[in-house]
Amino acid sequence: MEEKFVPKNVEEKWQRFWEESSAFRATRNDDKEKYYLLEMFPYPSGRIHMGHVRNYSIGDVIARFMRMRGRNVLHPMGWDAFGMPAENAAIQNKSHPGTWTYENIEYMRSQLKKLGFSYDWDREIATCHVEYYRWEQLVFLKMYEKGLAYKKNSFVNWCPKCETVLANEQVENGGCWRCDSEVVQKELDQWFLRITDYAEELLEYTNKLPGWPERVLTMQRNWIGKSSGCEIDFALESGAGAVRVFTTRQDTLYGATFMSLAPEHPLALELATSERREEVVAFIDKVKRTDKQVRTADDLEKEGVFTGSYCLNPVTGKRMPIYLANFVLPEYGTGAVMAVPTHDQRDFEFARKYGLPLQVVIQPEGETLDAATMIAAFTEDGVMVNSGPFDGMKSSESKEKIADYLEKEGFGKKTTNYRLRDWGISRQRYWGNPIPIIYCDCCGAVPVPESDLPVVLPMDAQFSGEGGNPLAKVPSFVSVACPTCGKPARRETDTMDTFVQSSWYFLRYCSPRFAQGPLDREEAEYWMSVDQYIGGIEHAVLHLLYARFFTKALRDLGFINIDEPFLNLLTQGMVIKDGSKMSKSKGNVVDPDSLIKVYGADTARLFSLFASPPERDLEWSDQGVDGSYRFLNRVWKLVFELAPLVSSAGPAASAQTLSGDAGKLRRAIHKTIKKVSEDVEERFHFNTAIAAIMELVNSISSFEAKKDPSCASVLKEALESVVLLLAPFVPHIAEELWEGLGHGGGIANASWPVYDAEAVVEDELTIVVQVNGKLRGKITVAAAATEEQVRTAALAEDKVVVHIEGKTVRKIIYVPGKLLNIVVA
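Worth saying up front: this structure is predicted, and the values here are computed from it rather than measured.

Visitor: What is the right way to read the overall build of the protein from this model?
Guide: Scanning the protein from N- to C-terminus turns up 25 helices and 34 strands. The principal-axis extents of the C-alpha atoms in the protein amount to approximately 105 × 80 × 50 Å. For the protein, restricting intrachain contacts to residue pairs at least 6 apart in sequence, the fraction spanning at least 24 positions comes to 72%. Accessible surface computed for the protein: about 35800 Å², of which carbon and sulfur atoms make up 48%. The centroid of the 96 positive side-chain charges in the protein is displaced by 2 Å from the centroid of its 114 negative side-chain charges.

Visitor: Would you take a moment to explain the sheet that holds strand 34 (residues 819-824) for this structure?
Guide: Backbone-to-backbone hydrogen bonds join strands into a sheet, with any given pair of strands oriented parallel or antiparallel. Strand order across the open sheet formed by four strands is 32-31-34-33, with mixed pairing between neighbours. Two strands bound the open sheet, and with one partner strand each, they are strand 32 (774-782) and strand 33 (809-815). Mean inter-strand twist for the sheet, computed between neighbouring axes without regard to direction, equals 20°. Inspection of the sheet shows strand 31 (residues 764-771) paired to strand 32 by eight bridges, in the antiparallel sense. Of the residues in strand 32, the one forming a bridge with L765 is V781.

Visitor: It is not clear to me how the packing of aromatic side chains should be interpreted in this structure. Could you clarify?
Guide: The geometry of an aromatic ring pair comes down to the distance between the two centres and the angle between the two planes. Tallied over the entire structure, the rule returns 43 aromatic pairs. Taking 5.6 Å as the distance between ring centres and 20° as the angle between the ring planes, the aromatic pair formed by F258 and F350 counts as stacked. Taken together, the residues span a long stretch of sequence, with F258 in strand 12 (residues 258-261) and F350 in helix 10 (residues 345-354) at a distance of 92 residues. Owing to a relative accessible area of 0%, F350 belongs among the buried residues under this scheme. Three or more aromatic residues joined by ring pairs form one cluster here, namely F258, F306, Y310, Y323, F327, F350 and Y354. Between R419 and the ring centre of W223, over which it is positioned, the NZ or CZ distance is 4.5 Å.

Visitor: I keep staring at the environment of L261 and nothing clicks. Help me out?
Guide: Among the secondary structure elements, L261 is positioned in strand 12. Taking relative accessible area as the criterion, L261 reaches 0% and is therefore assigned buried. Excluding residues that lie within four positions of it along the chain, L261 makes contacts with V243, L267, L271, I322, Y323, L324, A325, V328, G335 and A336.

Visitor: For this particular structure, what's the right way to read helix 10?
Guide: Buried within helix 10 are the following residues: D347, F348, F350 and A351. In this structure, the buried side of helix 10 is in contact with strand 12, strand 13 (304-312), strand 14 (319-325) and strand 15 (336-339). By the N-cap criterion, in which a side-chain oxygen at the helix start approaches the backbone nitrogen of a residue two or three places on, helix 10 is capped by D344, the distance to R346 being 3.1 Å. A positive backbone phi angle near 65° is found at G355, which sits one or two residues after helix 10.

Visitor: How should the pattern of salt bridges be read in this particular structure?
Guide: A side chain with one charge may pair with a side chain of the opposite charge, provided their charged atoms come close. Taken as a whole, this structure holds 51 salt bridges when the rule is applied. Linking E450 and K142 is a salt bridge whose minimum nitrogen-to-oxygen distance equals 2.9 Å. A residue pair is termed long-range when its members are at least 10 positions apart, and E450 in the loop between strand 22 (444-447) and helix 12 (475-478) and K142 in helix 5 (residues 130-145) qualify at 308 residues. A relative accessible area of 39% means that E450 is categorised as partly exposed. Each of E201, R548, K552, R555, D556, D563 and E564 takes part in one network of salt bridges that share partners.

Visitor: I would appreciate a short explanation of the sheet that holds strand 23 (residues 479-481) in the present structure.
Guide: The sheet built from four strands is open, its strands ordered 22-21-24-23 with antiparallel pairing. Edge positions in the sheet fall to strand 22 and strand 23, since each of these pairs with one other strand and no more. The sheet shows a mean angle of 40° between the axes of neighbouring strands, taken without regard to direction. The pairing of strand 23 with strand 24 (residues 488-491) spans three bridges and is classified as antiparallel. Each bridged residue has a counterpart across the sheet, and for A481 the counterpart in strand 24 is P488.

Visitor: So what exactly am I meant to see when it comes to the state of the cysteines here?
Guide: Joining two cysteines, a disulfide is a covalent bond between their sulfur atoms. The tally for this structure, following the rule as stated, stands at zero disulfides. Cysteine C311 shares no disulfide, and the gap to the nearest cysteine sulfur, in C230, comes to 17 Å.

Visitor: Where do I start with helix 7 (residues 214-224) in this structure?
Guide: What sets the pattern is the α-helix's 3.6 residues per turn: residues three or four places apart point alike. For helix 7, the complete set of buried residues consists of V216, L217, Q220 and I224. The arc that holds every buried residue of helix 7, seen down its axis, measures 100°, which confines them to one face. Every exposed residue of helix 7 that faces more than 90 degrees away from the buried side is listed here: R215 and N222. In this structure, the buried side of helix 7 is in contact with helix 6 (199-204), strand 10 (226-235), strand 18 (412-418), helix 16 (543-556) and strand 27 (569-571).

Cut-offs applied
Residues numbered from 1 in each chain as written. Predicted model: local features only at pLDDT ≥ 70, side-chain atom pairs only at ≥ 80, totals over all residues. Heavy atoms only, no water. Helix = DSSP H or I, 4+ residues; strand = E, 2+ residues; numbered from the N terminus. Contact = heavy atoms within 4.5 Å. Areas by Shrake-Rupley, 256 points an atom, 1.4 Å probe, with all protein chains shown as cover. Lys, Arg positive; Asp, Glu negative; His and termini not counted. Charge placed at Lys NZ, Arg CZ, Asp CG, Glu CD. Pairing = 2+ DSSP bridges. Axes fitted to C-alpha atoms, helices over the stretch in contact; angles between N-to-C directions. Phe/Tyr/Trp six-rings, centres within 6.5 Å; stacked < 30°, edge-to-face > 60°. Buried < 20%, exposed > 50% of the residue type's maximum accessible area, 1.4 Å probe, protein only. Lys NZ or Arg CZ within 6 Å of the ring centre and 35° of its normal. Polar contact = N/O pair within 3.5 Å; in protein donor to acceptor, adjacent residues only side chain to side chain. Salt bridge = Lys/Arg side-chain N within 4 Å of Asp/Glu carboxyl O. Disulfide = S-S within 2.5 Å. Arc of directions from axis to C-beta.

Structure (structure tokens):
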């Protein structure tokens, strides 16, 4: 152990030791309780950022802590490696997406290793590797067999320049995130996964995940969006069919005066009369160019166009003009909305704009609304009016009766609707997992035989940035014989959404080299479910919901026997600098490489863990980084100076048999062990845990008898406890200090300290003394002191006496063990 702390030397030494000794290799051990710790794996963009450092430091503390507590820990790492950025880079650099991706993986892996994270690198996966995505293709085929994967026409976000579908998240202010071209709505044949089959179970199990943040569960419940109501058919005046709506407000049916359809509705053009057709087509084209998020905004200007057709209100028989409206989306309900302008604000604004009729059917109790003078819709419960046999009922009570009436008369039926829609996974791009389907003019869509898997991405695709999907332009890939009839056929050239790969990677980690299927069931049964998952809240309703669905689907396909992938979830906050999230565009990025070069990896880890609780945003502070570095140097110097004094010391005596400062120090040791253990295991309050360790270091520094040989044992226990408690947070320096204290085998393999319950029992208590609510002094009494003894001591305290002399004591209020307030007049 060197006299001076040189982070680079220490870190390289112990990183080499961990790698050569396979310190963090996880193997199944039925004699040990397993603990599967996982952070969301990164996209290999080229460089890690401080958000990565914080996220993975949080996970590493938990993994190392659990390992020291005797758990069999699985802590893997891999790469979410498919996606559009790699194609962008290939276009810009005139290279192949795979080249860019694997170069980035190499560099980022080296960065993660420099930070000392305790990953089992033998389990590393990359989703772009054929030995990963081949098994995803098999899962797709099994889903296809069961009807969970299917193809249908659907409106999608389409970039005409990139010639690809964009997820909603890739549409920014109505433009393509990649080229800024105007995004339009286009109807395409798309592959879907039937996540809606699991809507009820996904919703039900949000009540069976106590280890998840309530905020995330609420977001998922809202996204699934279960609502109970009625499907109602409005017959077309022409007599040819009906418009079906879903509504939760059947109590307002008598007030429905017009119909609003989504411009994407299948009947939109069919209902346009010849004299209205040109205007209808122009409106549909205009809405297709509008971002869906804009269309659902509260402040959207309501616009529509009359189709020229009418339907009939089933309970009033009145004609209802049918409009297309920009605020109606095809994904909501049936894509058709019965418009009740007096009792829905959007309908109210629309009706006023286009001069459509209003009919009040719910009155507030004790008031009378007049449709002609209303300035806003009335959306609360009230009393039914103008509603035939339901007049006089409370609107909330009428819903069930109206639903029964609709079913009896054949106008509709009770039903449950979900906001959740099936998951569209088709992407018109090269760098993704090929969908294993072949199209034959004679046989139709034919699944690739399992024996012909994997469908491998061709390496000779060209990336120009123009003209659509490069995969479709590789004849050797596209042209294939039909597996059924042998005639010429063509491969599917769409690839899977990258969220598919991240929906099961946690399962592949259980047996990453298994060559007989997606996973080894026995290994999965041992390791799953993930005990602690860590990642950003931005994934609440995409990745986290998809992963839950995929787990349930794989269960039903016979691959696994679990219901949920993640037992506990921690959503960490962002790293903030100068008041905003770190980003290159804002010029407020801190480079982890530079930070490590100047201060070392342990300082980077310590600051990211100490500056804020994990679930909150972390405000960057150069002073905080420097303070963390100074603390580590202080610990290094303390251990270096005192190690020779304690080298031959035996076990410390109990706190009860130690007198004076030695007893106080041992008590401080075990209080710290107790607090740090609880803060890490129960609350993930790493900042307060580190603060407690810092206090213990202060206690050691101020321990006046530290050079007294009779106190060597308690001093040794104190130094060893500090180093052990620091090990999950700053593992490199902890390893070196542990070795400097005479221990071999590495601190990563050491046991977590256990506090002595007797040592944390207080012999004395400090009581705050107030006079008329103001602090006037403190007294120290025996822990077993009675209230009378505390009162006597307080009244005799000099600093208190000066404030009560010559005054009458009215009463004394005592909070046992904490505070005594003397009320005087």
